[in-house]
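# Architecture at a glance
For reference, the chains in residue letters:
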Number of protein chains: 2
Amino acid sequence: MMVSTKGRYALTVMVDLAKNEDGGYVSLSDIAERENLSMKYLESIISILNKGGMLLSLRGKNGGYKLAREPKDYNINEILLLTEGTLAPVNCIMQDGVQCDKAATCSTLPLWAGLDKVIEGYLSDITLEDIITGNRRKMLKGYCESCDN
Amino acid sequence: MMVSTKGRYALTVMVDLAKNEDGGYVSLSDIAERENLSMKYLESIISILNKGGMLLSLRGKNGGYKLAREPKDYNINEILLLTEGTLAPVNCIMQDGVQCDKAATCSTLPLWAGLDKVIEGYLSDITLEDIITGNRRKMLKGYCESCDN
DNA sequence: CAAAATCCTACCACTTGGGTAGGATTAAGT
DNA sequence: ACTTAATCCTACCCAAGTGGTAGGATTTTG
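Quick look at the structure, then.

## Let's talk about the pattern of salt bridges
All names here are of chain B. Tallied over the entire structure, the rule returns 10 salt bridges over all chains. Linking Glu43 and Lys40 is a salt bridge whose minimum nitrogen-to-oxygen distance equals 3.9 Å. Residue Glu43 and its partner Lys40 are both found in helix α3 (residues 39–51); the two are separated by three residues, about one turn of the helix. Judged by relative accessible area, Glu43 falls into the partly exposed class, the value being 36%. A salt bridge links Lys72 to Asp73; its shortest N-O distance comes to 3.3 Å. Its relative accessible area of 38% is what places Asp73 among the partly exposed residues.

Structural data, given as structure tokens:
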């Protein structure tokens, strides 16, 4: 599995915030209730998003979180990368471009590198706005019969 | 991580067999030595490939394994799918098309479904032969500066 | 000053990953 | 027939990661 619940719930939180933004701060308990997820677990996840600069937060009563930018200015890759640490499909693709010592002669490395690029390319191209507007043509490109491809 | 060592080593074994095929059977100890991998571990992996019909095997002295088909007739998706069980990037994409109970209203599902298709599409398009011939243009499509894209 | 919210540090059960160990069985060559 | 070399099979095991829970400290508003 490449994306764990951590990344998936992080995206769910971001989408929830995008859908329910009215300028004010949204409390985590509201989000947890709407999405039917454990608030305690979400706490640890939203903390990553917050520290990573994805959100603005306000402590105290009537506090909560809101998006730091507009939905169209978040791409999915950065959200998942922040929470998952890496999205590499295999261990031999390092996050910082470091390669294993057999890289020069490894005949399968180009495959993994290509796969990594394909994944990153797909996720980087989709924004939070695409998700909340349900841009199925973009997300299911080439695979959705009911969309005009 | 989507592809563990199990799937990676399985592919390594298949590539090794494809490179070293001369009609005869190749012993696992030869493969393990060439690839510098634990023979005991490879044993459990090659067993999956064998039972899945990817290989032909011969027991006893001078026995070993060889490819059941030609390298061009294996795609990478089927090799990894067999050994990994699933290549789905998230748990909410089930292997047999079964969906989670929130699927109808889930706004992130199209993203995951699209990602799954992109991965499957990439891996299904590449064959064992592409790997042994080093078809970088196909594997690194659009991302390789030294290839003419 | 009470209520409601974020923040912070532990802890923990369960599953998966990445193997190892040991032996049973089978086939070839002498 | 017997040795050797190979596949086959079952069981075990440790470390790391996943998916949380618990409890409290701190901050802000009304």
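## Some remarks on the packing of helix α4 (residues 76–84) of chain A against helix α5 (residues 109–125) of chain A
Residues and elements named next belong to chain A. Orientation of α4 relative to α5, taken along the N-to-C sense of each, is 115 degrees, at an axis distance of 6 Å. Listed contacts from α5 to Ile76, Asn77 and Leu80 of α4 are Glu120, Leu123 and Ser124. When grouped by side-chain class, the residues that make up the contact of α4 with α5 number three nonpolar, two polar and one charged.

## A look at the protein's contact with DNA strand D
In the vicinity of DNA strand D, 24 residues are found, and the nearest of them are Ser38(A), Lys40(A), Leu28(B), Glu43(B) and Ser57(B). What you see for DNA strand D is that sugar and phosphate hold 66% of its atoms within 4 Å of the protein. The side chain of Glu43(B) places a nitrogen or oxygen atom 2.8 Å from a base nitrogen of DNA strand D. Going through the elements one at a time, α1 (5–19) and α3 (39–51) of chain A together with α3, β1 (55–58) and β2 (64–67) of chain B are the ones with two or more residues in the surface near DNA strand D. Per-element tally for the surface near DNA strand D: the top contributor is α3(B), with four residues. Its residues placed into classes, the surface near DNA strand D shows six nonpolar, 11 polar and seven charged.

What counts and how
Residues numbered from 1 in each chain as written. Chains lettered and ligands numbered in written order. Predicted model: local features only at pLDDT ≥ 70, side-chain atom pairs only at ≥ 80, totals over all residues. Heavy atoms only, no water. Salt bridge = Lys/Arg side-chain N within 4 Å of Asp/Glu carboxyl O. Helix = DSSP H or I, 4+ residues; strand = E, 2+ residues; numbered from the N terminus. Buried < 20%, exposed > 50% of the residue type's maximum accessible area, 1.4 Å probe, protein only. Axes fitted to C-alpha atoms, helices over the stretch in contact; angles between N-to-C directions. Contact = heavy atoms within 4.5 Å. Nonpolar A, V, L, I, M, F, W, Y, C, P; charged D, E, K, R; others polar. Near = heavy atom within 4 Å. Polar contact = N/O pair within 3.5 Å; in protein donor to acceptor, adjacent residues only side chain to side chain.

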